[in-house]
Amino acid sequence: MPNLDKLIIGFDHALRTLLTPAQTLRPVPGTQLAEAELNDLEKSESAALMRVNHVGEICAQALYQGQALTARDAEVQQTLAQAAREETEHLAWTERRINELSGRKSLLNPLWYGGSFAIGAFAGLLGDKWNLGFLAETERQVSAHLGGHLSRLPHADEKSRAIVTQMQIDEAGHATTAMANGGAELPMPVKLVMKMASSVMTRTAYWV
């Protein structure tokens, strides 16, 4: 069971994720590219899609914190921690791009975080192989979702596209690592439920 220190650290991480700007060690993809001349509709679409991606990173932080809290094996905890560090960079990239596009973050971020944390903690309680399997499937679905965004982003918005492209590469790597470390393939009904829940989140975050 999680001890008090882990709970305090987890609470601190939640506050930092929701209330302070995320930091990145890697350069933001597309920094060297010039800002495109987007019309109002294109700018609004890019900002909304980047808001959805930012929400996805909020959820990823919460999921990994919940999973790490209840994971049993130290190596599994390390795998989750490494993925979370890269997701923190994604959080910083999407937040910066939202600001550049004069957009806003989701008003429901605390709700997304709380729900995702609970799901992650439950996944961890099922055992490490299912915990890692859940991580892998989450990343596969996120990668597919990012591919869809690449087809929807305005073609001229190369800065947003560069960020999403690198995120997609990173997410695929997380999935591969999780399975290589002993993750179990989730049953199809579980995958479908995850996909439906993700669809609700993305559709809501696009507007709110």
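Residues numbered from 1 in each chain as written. Predicted model: local features only at pLDDT ≥ 70, side-chain atom pairs only at ≥ 80, totals over all residues. Heavy atoms only, no water.

Enquirer: Could you clarify how one ought to interpret the packing of helix H2 (residues 40-70) against helix H5 (residues 128-152) in this entry?
Expert: Between two packed helices, both the angle of their axes relative to each other and the distance between the axes serve to describe the pair. Where H2 contacts H5, the two axes come as close as 11 Å, and the packing angle between them is 175°. Comparing their axes, H5 and H2 come out roughly antiparallel. Together, Glu45, Leu49, Val52, Asn53, Leu63, Tyr64 and Gln67 of H2 and Asn131, Phe134, Leu135, Thr138, Glu139, His145, Leu146, His149 and Arg152 of H5 make up the contact between the two elements. Along the lines of polarity and charge, the residues of the contact of H2 with H5 split into seven nonpolar, six polar and three charged. (Axes fitted to C-alpha atoms, helices over the stretch in contact; angles between N-to-C directions. Helix = DSSP H or I, 4+ residues; strand = E, 2+ residues; numbered from the N terminus. Parallel < 35°, antiparallel > 145°, perpendicular 65-115°, else oblique. Contact = heavy atoms within 4.5 Å. Nonpolar A, V, L, I, M, F, W, Y, C, P; charged D, E, K, R; others polar.)

Enquirer: Help me understand H2, please; the structure alone is not making it clear to me.
Expert: Turn by turn, an α-helix covers 3.6 residues, leaving residues three or four places apart pointing in a common direction. An ideal rise of 1.5 Å per residue puts 45 Å on 31 residues; H2 measures up with 45 Å between its terminal C-alpha atoms. Within H2, 24 of the 31 residues are buried, which leaves it mostly tucked inside the rest of the structure. Backbone nitrogen of Leu41 and a side-chain oxygen of the N-cap are separated by 3.1 Å at the start of H2; the cap is Asn39. (Expected span 1.5 Å × (residues − 1). Buried < 20%, exposed > 50% of the residue type's maximum accessible area, 1.4 Å probe, protein only. Polar contact = N/O pair within 3.5 Å; in protein donor to acceptor, adjacent residues only side chain to side chain.)

Enquirer: Sorry if this is basic, but what is going on with the pattern of salt bridges here?
Expert: Side chains that differ in charge, positive against negative, can pair when their charged atoms come close. Considering all chains together, one arrives at twelve salt bridges under this definition. Ionic pairing is found between Glu137 and Lys191, a salt bridge with its closest N-O pair at 4.0 Å. Residue Glu137 is found in helix H5, and its partner Lys191 is found in helix H7 (residues 188-207); the two are separated by 54 residues along the sequence. Residue Glu137 is classed as buried on the basis of its relative accessible area, which comes to 8%. (Salt bridge = Lys/Arg side-chain N within 4 Å of Asp/Glu carboxyl O.)

Enquirer: What is the right way to read a nonpolar patch on the surface from this model?
Expert: A cluster of nonpolar side chains, Met188, Leu192, Val193 and Met196, forms an exposed patch at the surface whose accessible area comes to about 420 Å². When you line up the elements, Val193 lands in helix H7. Val193 gets classed as exposed once you look at its relative accessible area, which sits at 51%. (Patch = residues over 30% accessible without salt bridge, like charges linked within 9 Å, V, L, I, M, F, W, Y side chains within 5 Å. Areas by Shrake-Rupley, 256 points an atom, 1.4 Å probe, with all protein chains shown as cover.)

Enquirer: Explain the layout of surface pockets here, please?
Expert: The calculated volume of the largest pocket comes to roughly 640 Å³. Lining the largest pocket are 30 residues, with Leu63, Ser116, Met194, Ala197 and Ser198 positioned closest to its centre. When contributions to the lining of the largest pocket are tallied by element, the ones reaching two or more residues are H2, helix H4 (109-125), H5 and H7. What the second largest pocket holds in volume is close to 310 Å³. Contributions of two or more residues to the lining of the second largest pocket are made by helix H1 (4-19), H2 and helix H3 (74-100). Counting residues per element, the lining of the second largest pocket draws most heavily on H3, at six residues. Its residues assigned to classes, the lining of the second largest pocket comprises eight nonpolar, six polar and two charged. (1 Å grid on protein atoms, 1.4 Å probe; cavity = no way out; pocket = protein on both sides within 12 Å on 5 of 7 lines; lining within 4 Å. Points joined across faces, edges and corners; volume = space filled by probe spheres on them.)

Enquirer: Help me out: how do you make sense of the environment of Gln168 in this one?
Expert: Mapped onto the elements, Gln168 comes out in helix H6 (residues 158-180). Judged by relative accessible area, which is 22%, Gln168 ranks as partly exposed. Taking the C-alpha atoms as reference points, Gln168 and Ala136, 32 residues apart in sequence, are found 13 Å from one another. When residues no more than four places from it in sequence are discounted, the contact partners of Gln168 are Ser143, Leu146, Gly147 and Leu150.

Enquirer: Would you explain unusual backbone geometry in this entry?
Expert: Excluding glycine, residues mostly have negative phi values, and the peptide bonds linking residues are mostly trans. With a phi close to 60°, Ser102 is a non-glycine residue in the positive phi region. Residue placement: Ser102 occurs in the loop between H3 and H4.

Enquirer: When you look at the side chain of Gln141 in this model, what are you seeing that I'm missing?
Expert: With respect to the element layout, Gln141 can be found in helix H5. Residue classification places Gln141 among the buried residues on the basis of a relative accessible area of 18%. Among the polar contacts made by the side chain of Gln141, one reaches the side chain of Glu137 at a distance of 2.9 Å. Not counting chain neighbours up to four residues away, the residues in contact with Gln141 comprise Lys191, Met194, Lys195 and Ser198.

Enquirer: Teacher, can you tell me more about empty space enclosed by the protein here?
Expert: Over the atoms rolls a probe the size of a water molecule, and in doing so it shows where empty space is left. Taken as a whole, this structure holds one cavity of 30 Å³ or more when the rule is applied. Estimates place the volume of the largest cavity at around 50 Å³. What lines the largest cavity is Val28, Pro29, Gly30, Thr31, Trp93, Arg96, Arg97, Glu100, Lys159 and Ile163. Sorting the residues of the lining of the largest cavity by element identifies H3 and H6 as the ones contributing at least two each. Looking at the lining of the largest cavity, its residues break down into four nonpolar, two polar and four charged.

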